[in-house]
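These are the residues of each chain, in order.
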Amino acid sequence: MSESETNPRESDGATVDSDVGDREPMLLRLRGVSKNFGAVQALRHVDLDVPAGKVTALIGDNGAGKSTLIKAIAGIWELSSGEKWWLGNKMVSHTPKEASDLGIATVYQDLALCDNLDIVSNMYLGFEKTKSGVLDEVSMEVRTKETLRDLSVSTVQSVRQLVGSLSGGQRQAIAVARAVMRDAKLVIMDEPTAALGVTQTAQVLDLIRTLASKGIAVLVISHNLNDVFAVADRIAVMYLGTLVSSGPIESYDMSSAVDLITTGTSTRAA
Amino acid sequence: MSTLPEPSVSSNPATGSPSLMARLGGLIGPDLGIVPVLIALVALVIYFEVRSSVFLSADNVTNLFIQAVIYIFLGMAEVWLLLLGEIDLSLGWVAGMSGSIAAIYTNVQYAWPWWAAFLAALAVCTAIGGLWGVIVVRLKLPSFIVTLAGSFIVEGILLYILDKVFEGGGAPVQEKVLSNLTQGNLTPTFTWIFVAAVVAAATGVTLARERARRRADLARTPTYRIVAKLTALTAFGVILAIVFNTNRGTFIPIEGMPFAVPLVVGVLVIYSFVLSRTKFGRYMYAIGGNAEAARRAGVPVNRYRIYAFMLGGFTAGIGGLFYVSRLGGYSSSSTDSTVVLYAVAAAVIGGTSLYGGRGKMTYPVVGGIILAVIINGLVLIQVSATMEFVVTGVVLLGAVTVDSLARRSQNLLK
């Protein structure tokens, strides 16, 4: 039931996918995923592959279904139909808990940080380490520093700073580090650079590349095509609830991406 | 691991060592904290001492501390709620309820043992708080209105009980332990032992914590900061002990630290520990800072809200025991509806935010002492009781303004 007229996946995208698939099963595979809200079809038969260690950019206009798709992946929405496969196994329950247990972490635009707590407390919120009932601040602080250093987050002065005093890019980094510390295998980021200036955007893009280099799959929603082309390995374009095109970044250029976003087709693609 | 520089001490590039201003800043910590409030307290004390020579007499200082104890407990009760961005306006009457229950059941008529009456009183107060909490959480009503309504309900029930139980409408304190909460004193020797024990415990805990941080190669608190804090604590303890141990009786000697002081310190230590060293406390702050973030992190937010209301009721209950002890009984004419505003005032003057997420249990201690200083001092310099309300109101207004400004400047940073 593919409604896409141009689909790079069918051409050279397929070779990349099978190339990954030969060595290990695809990290996340969506097959025929649909989601209805009453009469509204928010997602229509979406097939998407998210490989480990790659940055996949999910692009599309407002209302194209990007947010619905990531919420479906994160287990917040149950699917109306379709299947989710994780490392070759079919996912059964579709709950946020199942998703986070498997290692799917979502960093929403609001970041869900407590400004009145310091970095360590935010990193461990809900998962605090305790020693006989008392918070084990020393080991939490040590681990926080290690995680931030692993991700090359060098701009924060002290992990005992209140998160409220951090810049937008730093806050994004803390939210991501929080997911990574919890052994996330797939980090989903919703518009990570939307509210950031030039320097901070660069920092966040670096962070995304660092994640990928550690073998973590990153799925980024972004409106900024410059960022997408700067950071992504793969692109998936949504148009009116349908995944109209997906494949390696090399199959696209700025103009074909814009065509796909605005009309769902492109004569210039691949 | 040790590459991150110390947070609050910015280095002076010229000398490479922290500048004097940075050191002063380091003493205070990243936010201003309690220091401006302490400065205000000292200024008030100096003012009243200049105006009235008896203000700093041993007798009056002791009196002032007893007075402060009630505000302190009510303020601590309110901090549990303010931390979550909630408020409980019924706490004044809840305290009255606690005091009345304790007075009635230890009375000759019932003659319960003191502990049973205290437990009953505290249980009732905890339950009342819990009830408000459940209503706020389940019906999703603002706590301001729920507890305002609640305050009328508790007031009515309390007055009904007082009229029913005692024809004259009063419950006098007739029990030694209840009376001793505010009338009894430690012996001078035990006063010194207590002060020494507190200083030793504070030193021990601080050093142990520093040792653990050093072992893990984490940034250490600058030594001068530790020394300054412990020195201030020791000096304060020694001065208090000397004042309390001065004979303040006219016919028979009265000396020693009032029981109320170690009891306040005990509750303060327990509450501070819970807030800063346990998951429970961490979640309280998290909910106050960003309830949605706490919920997504798996914190049962609504259950914690109810806990906060229960702890508020419980703590106000403790305050009520001291309240009735000091008044010598509770009657339908002890209708002091301003007490609850003192509770909020003590918490907010100390620096607790009305917007949630910011506050410590030490704040209402300082705030309560400030309130007691103002009220006590104004009486001494013979300002009329009506002016007392005006001054307290102005101070509360000032504290709320500072809170709001602090919040706004924090938001501007982002």
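Residues numbered from 1 in each chain as written. Chains lettered and ligands numbered in written order. Predicted model: local features only at pLDDT ≥ 70, side-chain atom pairs only at ≥ 80, totals over all residues. Heavy atoms only, no water.

### Some thoughts on the overall build of chain A
In step 1: From N to C terminus, chain A includes nine helices and 12 strands.
In step 2: Relative to the compact-globule value of 18 Å for 270 residues, chain A shows a C-alpha radius of gyration of 19 Å, a close match.
In step 3: On the principal axes, the C-alpha backbone points of chain A span a range of 60 × 40 × 40 Å.
In step 4: In chain A, of all internal contacts separated by at least 6 residues, the share reaching a separation of at least 24 is 66%.
In step 5: When the accessible area of chain A is evaluated, it comes to approximately 11,000 Å², of which 50% is carbon and sulfur surface.
In step 6: Here chain A holds 26 positive side-chain charges and 33 negative ones, and the gap between their average locations is 5 Å. (Helix = DSSP H or I, 4+ residues; strand = E, 2+ residues; numbered from the N terminus. Rg over C-alpha atoms; globule rule 2.2 N^0.38 Å. Contact = heavy atoms within 4.5 Å. Areas by Shrake-Rupley, 256 points an atom, 1.4 Å probe, with all protein chains shown as cover. Lys, Arg positive; Asp, Glu negative; His and termini not counted. Charge placed at Lys NZ, Arg CZ, Asp CG, Glu CD.)

### Digging into the pairing of strand β12 (residues 242-248) of chain A
Residues and elements named next belong to chain A.
In step 1: Among the seven residues that make up β12, seven are buried, leaving the element largely enclosed by the rest of the structure.
In step 2: Examined bridge by bridge, strand β11 (residues 234-239) and β12 share six bridges and lie antiparallel to one another. By the bridge assignment, M238 is partnered in β12 with L243. (Buried < 20%, exposed > 50% of the residue type's maximum accessible area, 1.4 Å probe, protein only. Pairing = 2+ DSSP bridges.)

### Regarding a positive patch on the surface
In step 1: On the surface, K131 of chain A together with R211, R214, R215 and R220 of chain B cluster together into a positively charged patch.
In step 2: In terms of residue count, the dominant contributor to the positive patch is helix α8 (residues 188-215) of chain B (three residues).
In step 3: With respect to the helices, strands and loops of the structure, R211 of chain B is situated in helix α8.
In step 4: A relative accessible area of 47% means that R211 of chain B is categorised as partly exposed. (Patch = residues over 30% accessible without salt bridge, like charges linked within 9 Å, V, L, I, M, F, W, Y side chains within 5 Å. Salt bridge = Lys/Arg side-chain N within 4 Å of Asp/Glu carboxyl O.)

### Quick word on the pattern of salt bridges
In step 1: With the rule as written, the count across this model stands at 15 salt bridges over all chains.
In step 2: Notably, a salt bridge pairs D49 of chain A with R31 of chain A, separated by 3.1 Å at the nearest N-O pair. Of this pair, D49 of chain A sits in strand β2 (residues 40-50) while R31 of chain A sits in strand β1 (residues 28-37); the two residues are 18 residues apart in sequence, bridging distant segments of the chain.
In step 3: A relative accessible area of 7% means that D49 of chain A is categorised as buried.
In step 4: Its relative accessible area of 29% is what places R31 of chain A among the partly exposed residues.
In step 5: Where D110 of chain A meets R296 of chain B, a salt bridge forms, and the shortest distance between an N and an O atom there is 2.8 Å. With D110 of chain A in the loop between β6 (104-107) and α4 (119-123) and R296 of chain B in helix α12 (residues 291-296), the pair connects residues from two separate chains.

### Notes on the interface of chain B and chain A
In step 1: With 27 residues of chain B at the contact, the number on the chain A side is 34 residues.
In step 2: When chain B packs against chain A, the two sides together hide about 2,600 Å² of surface, and 60% of this comes from carbon and sulfur.
In step 3: The tally of links from chain B across to chain A stands at three salt bridges.
In step 4: Summed over the shared surface of chain B and chain A, the number is nine residue pairs in polar contact (both at pLDDT 80 or more).
In step 5: If you list the elements that add at least two residues to the side of chain B that touches chain A, you get α8, α10 (260-277), α11 (279-289) and α12 of chain B.
In step 6: No other element matches α11 of chain B, which puts seven residues into the side of chain B that touches chain A.
In step 7: Residues of the side of chain B that touches chain A, tallied by class, amount to 15 nonpolar, six polar and six charged. (Buried area = accessible area lost by both parts, 1.4 Å probe. Polar contact = N/O pair within 3.5 Å; in protein donor to acceptor, adjacent residues only side chain to side chain. Nonpolar A, V, L, I, M, F, W, Y, C, P; charged D, E, K, R; others polar.)

### Quick notes on the domain arrangement of chain A
Residues and elements named next belong to chain A.
In step 1: Taken domain by domain, chain A consists of domain 1 (1-103 + 185-270) and domain 2 (114-184).
In step 2: Every contact between the two is made by 15 residues of domain 1 and, on the other side, 14 residues of domain 2.
In step 3: Interface of domain 1 and domain 2: buried area, both sides summed, is about 1,100 Å²; carbon and sulfur atoms make up 69% of it.
In step 4: Inspection of the region where domain 1 meets domain 2 yields four residue pairs in polar contact (both at pLDDT 80 or more).
In step 5: Elements represented by at least two residues in the side of domain 1 that touches domain 2 include exactly β9 (186-190) and α7 (198-213).
In step 6: Of the residues forming the side of domain 1 that touches domain 2, the biggest block, six residues, is contributed by α7.
In step 7: Taken together, the residues of the side of domain 1 that touches domain 2 break down into nine nonpolar, four polar and two charged. (Domains from an automatic or database assignment.)

### Here's the deal with the layout of surface pockets
If a probe the size of a water molecule is rolled over the atoms, the empty space left behind becomes visible.
In step 1: By volume, the second largest pocket amounts to about 920 Å³.
In step 2: Taken together, 31 residues make up the lining of the second largest pocket; nearest its centre are S100, I104, A105 and T106 of chain A together with R296 of chain B.
In step 3: With six residues, the top contributor of residues to the lining of the second largest pocket is helix α3 (residues 96-102) of chain A.
In step 4: Across the lining of the second largest pocket, the residue classes break down as 18 nonpolar, four polar and nine charged. (1 Å grid on protein atoms, 1.4 Å probe; cavity = no way out; pocket = protein on both sides within 12 Å on 5 of 7 lines; lining within 4 Å. Points joined across faces, edges and corners; volume = space filled by probe spheres on them.)

### A closer look at the packing of aromatic side chains
In step 1: All told, the structure shown has 16 aromatic pairs over all chains when counted by the stated rule.
In step 2: Relative to F322 of chain B, the ring of F73 of chain B has its centre 5.0 Å away and its plane inclined at 25°; by these criteria the two rings are stacked. Of this pair, F73 of chain B sits in helix α3 (residues 58-82) while F322 of chain B sits in helix α13 (residues 301-327), placing them 249 residues apart in sequence.
In step 3: According to the relative accessible area criterion, F322 of chain B is buried, its value standing at 3%.
In step 4: An aromatic cluster of three or more residues is present, and its members are W80, Y271, F280, Y283, Y304 and Y307 of chain B.
In step 5: Between the NZ or CZ atom of K35 of chain A and the centre of the ring of F37 of chain A, over which it lies, the distance is 5.2 Å. (Phe/Tyr/Trp six-rings, centres within 6.5 Å; stacked < 30°, edge-to-face > 60°. Lys NZ or Arg CZ within 6 Å of the ring centre and 35° of its normal.)

### Describing the confidence of the model for chain B
Residues and elements named next belong to chain B.
In step 1: Taken over all residues, the pLDDT of chain B has a mean of 86, while the share at 70 or more is 89%.
In step 2: Between residues 26-30, whose pLDDT stays under 50, and residues either more than four places distant or in other chains, the model counts eight contacts.
In step 3: On the interface metric, ipTM, the complex scores 0.83, and its pTM is 0.85. (pLDDT = per-residue confidence, 0-100.)

### Comments concerning the sheet that holds β2 of chain A
Residues and elements named next belong to chain A.
In step 1: Read from one edge of the open sheet, four strands run β2-β1-β4-β5, paired in antiparallel fashion. With partners counted over all chains shown, the strands left at the sheet margins are β2 and β5 (89-90), one partner each.
In step 2: By the bridge criterion, two bridges tie strand β4 (residues 81-86) to β5 in an arrangement that is antiparallel. What sits directly across from W85, in β5, is K90.
In step 3: Relative to the sheet, helix α2 (residues 66-73) contacts β1, β2 and β4, its axis offset from that of β2 by approximately 65°. (Axes fitted to C-alpha atoms, helices over the stretch in contact; angles between N-to-C directions.)

### Focus: the nonpolar core
In step 1: Ranked by internal contacts, the top residues of the largest apolar core, which has 114 residues, are M76 and L178 of chain B.
In step 2: The biggest single contributor to this core is α3 of chain B, with 18 residues. (Core = buried A, V, L, I, M, F, W, Y, C linked by side-chain atoms within 4.5 Å.)

### Section: unusual backbone geometry
Residues and elements named next belong to chain A.
In step 1: With a phi angle near 50°, H45 is a residue other than glycine that sits in the positive phi range.
In step 2: Structurally, H45 can be placed in strand β2.
In step 3: A relative accessible area of 33% means that H45 is categorised as partly exposed.
In step 4: You will see that E191, though not glycine, has its phi angle at about 50°, which is positive.

### Observations concerning the domain arrangement of chain B
All names here are of chain B.
In step 1: Domain assignment breaks chain B into domain 1 (33-181 + 263-407) and domain 2 (185-257).
In step 2: Computed from C-alpha atoms alone, the centre-to-centre distance between domain 1 and domain 2 is 25 Å.
In step 3: Across the boundary between the two partners, domain 1 contributes seven residues, which contact nine residues of domain 2.
In step 4: A buried area of about 700 Å², summed over both sides, lies between domain 1 and domain 2, and 75% of it is on carbon and sulfur atoms.
In step 5: Its largest share of buried area at the contact with domain 2, domain 1 owes to A58, T62 and F65, together 52% of the area lost on that side.

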